[in-house]
Amino acid sequence: MTDQQIVREIKHGNEEAFRELVEKNQEMIINVCYSFVHDREDAMDIAQEVFIKAYNSIDKFQGKSKLSSWLYRIAVNKSLNFIRDHKRKNILSSLDLLFDNSPDISDKIEDDSENTEESFENEEMKAALKKTINELPKKQKVALTLNKFEELSYKEIAEVMDISVSETGVLINRAKKQLQKKLIKTFKNQ
Amino acid sequence: MKCNKVHKNLLFYIDGELSSDKTEEIYNHLMQCNECRKLYKKMTGVWNSAEEERIPYQPFFYTRVAQGLENNRAKEPSVLKKYGKIILQPAIYFIVLGLGIFIGVQLGQGVQSQQQVSGNEISSRQEIIEAYADSNYINGMQLEALEAEMLTQEQSNEKGENNE
């Protein structure tokens, strides 16, 4: 079935067409969410929400953009909302830790010390990259993530973000420059 | 090329987005500068590490989505609940308001008719009293015209004396 046929069939309540939509796009959507939230289970949960949202609002899809772009857009919005809500939770849990002397933290430090130096450094580097990407301005973060991790073209990113191709280029360029600056600073401090 | 300039272009160099001249310049610098080469290795490691992690196709993912959809449907409020507030609430307000007005009007009409009844009663009572008084000569003065005239003359004389 083509994308147009899938959409038409889902609008008529055909669940088989919906299954095809999910099977066809699940890997792409799960990985988009993963590239934003960096957690496997969270990414799966968000991807599930993306498809449920797509099913419930399929009537709003007018076919002006590609179906995959529409799904990407939902996935990006859901992921960004998740990060926003997660930040709030993190702030609250860090406040909890301030007033709570639970032994979990010391246990964690002991566990970490068992790791080899090399894997620790590797994990540290990945964490630094994730942290730096998350600190980028929202539009730059979306454009860079879709370009770097999802390997979308500038044109595809422009469609997902509803901006021009040249604007996409500018956003990615700025994001890379900022990222480069911050990473070099981190490496020099190590 | 200076180290600073290399640092500013390192990520673009790794992604192969620089012109051939600039690429060659950076390559030559990296061959000579130990510090920049270390930085380049670290940067490449970090930059490529993110690409390695990808979640493969999940065979039971659709079941999960279908289950989620089912749960969502179960959570959806019934039509009555959904439209209750929008339609039912104003309808109830109107009915109560209408009922109030109706009861008010009915009560008002009741008071009016009672007033009419009591008015009639009063007038009939006066008639009875007057008839009774007539029959028993209580208001006999009205009948004795001469006495009444004398009485009024007497009263006017008294007034004249007082004036003087």
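Values in this document were obtained by computation on a predicted structure and should not be read as measured data.

As for the overall build of chain B
- A count of helices and strands for chain B gives six helices and zero strands.
- Helices and strands in chain B line up, N terminus first, as α-α-α-α-α-α.
- Counting over 164 residues, chain B shows a buried share of 7%.
- Long-range pairs, those at least 24 residues apart, make up 52% of the contacts in chain B with a sequence separation of at least 6.

What to know about the nonpolar core
All names here are of chain A.
- Counting 52 residues, the largest nonpolar core has I29, C33, A47, V50, L71 and A75 as its most contacted members.
- Counting residues per element, this core draws most heavily on helix α2 (residues 15–37), which supplies ten residues.
- Not counting chain neighbours up to four residues away, the residues in contact with V50 comprise I29, L71, I74, A75 and K78.

Some details on the environment of I10(A)
- Here I10(A) is to be found in helix α1 (residues 3–11).
- Sequence separation between I10(A) and Y55(A) is 45 residues, and the spatial gap between their C-alpha atoms is 7.5 Å.

Observations regarding the interface of chain B and chain A
- At the interface, 23 residues of chain B touch 26 residues of chain A.
- Those elements that place two or more of their residues in the side of chain B that touches chain A are α1 (3–14), α3 (34–52) and α4 (61–75) of chain B.
- The dominant element in the side of chain B that touches chain A, judged by the number of residues it contributes, is α3(B), at eight residues.
- Looking at the side of chain B that touches chain A residue by residue, the class counts come to 13 nonpolar, six polar and four charged.

Observations regarding the confidence of the model for chain B
Residue and element names in this part refer to chain B.
- For chain B, the average pLDDT comes to 81, and 76% of its residues sit at 70 or higher.
- Of all secondary-structure elements in chain B, the lowest mean pLDDT belongs to helix α6 (residues 145–163), at 72, while helix α2 (residues 20–32) reaches the highest, 93.
- Interface confidence for the predicted complex, expressed as ipTM, amounts to 0.73; the pTM equals 0.64.

Section: the packing of α1(B) against α2(B)
All names here are of chain B.
- Running from N to C, α1 and α2 cross one another at 115°; their axes reach a closest spacing of 11 Å. Between α1 and α2, the angle falls in the class roughly perpendicular. In this structure, α1 crosses over α2, and the sense of that crossing is left-handed. Residues V6, N9 and Y13 of α1 touch α2, and the partners they reach there are K22, T23, I26 and H29.

Rules behind the numbers
- Residues numbered from 1 in each chain as written.
- Chains lettered and ligands numbered in written order.
- Predicted model: local features only at pLDDT ≥ 70, side-chain atom pairs only at ≥ 80, totals over all residues.
- Helix = DSSP H or I, 4+ residues; strand = E, 2+ residues; numbered from the N terminus.
- Buried ≥ 20, exposed ≤ 12 C-beta atoms within 10 Å, placed from the backbone.
- Contact = placed C-beta atoms within 7 Å.
- Core = buried A, V, L, I, M, F, W, Y, C linked by C-beta atoms within 7 Å.
- Nonpolar A, V, L, I, M, F, W, Y, C, P; charged D, E, K, R; others polar.
- pLDDT = per-residue confidence, 0-100.
- Axes fitted to C-alpha atoms, helices over the stretch in contact; angles between N-to-C directions.
- Parallel < 35°, antiparallel > 145°, perpendicular 65-115°, else oblique.
- Left-handed = near helix turned anticlockwise from the far one by under 90°.

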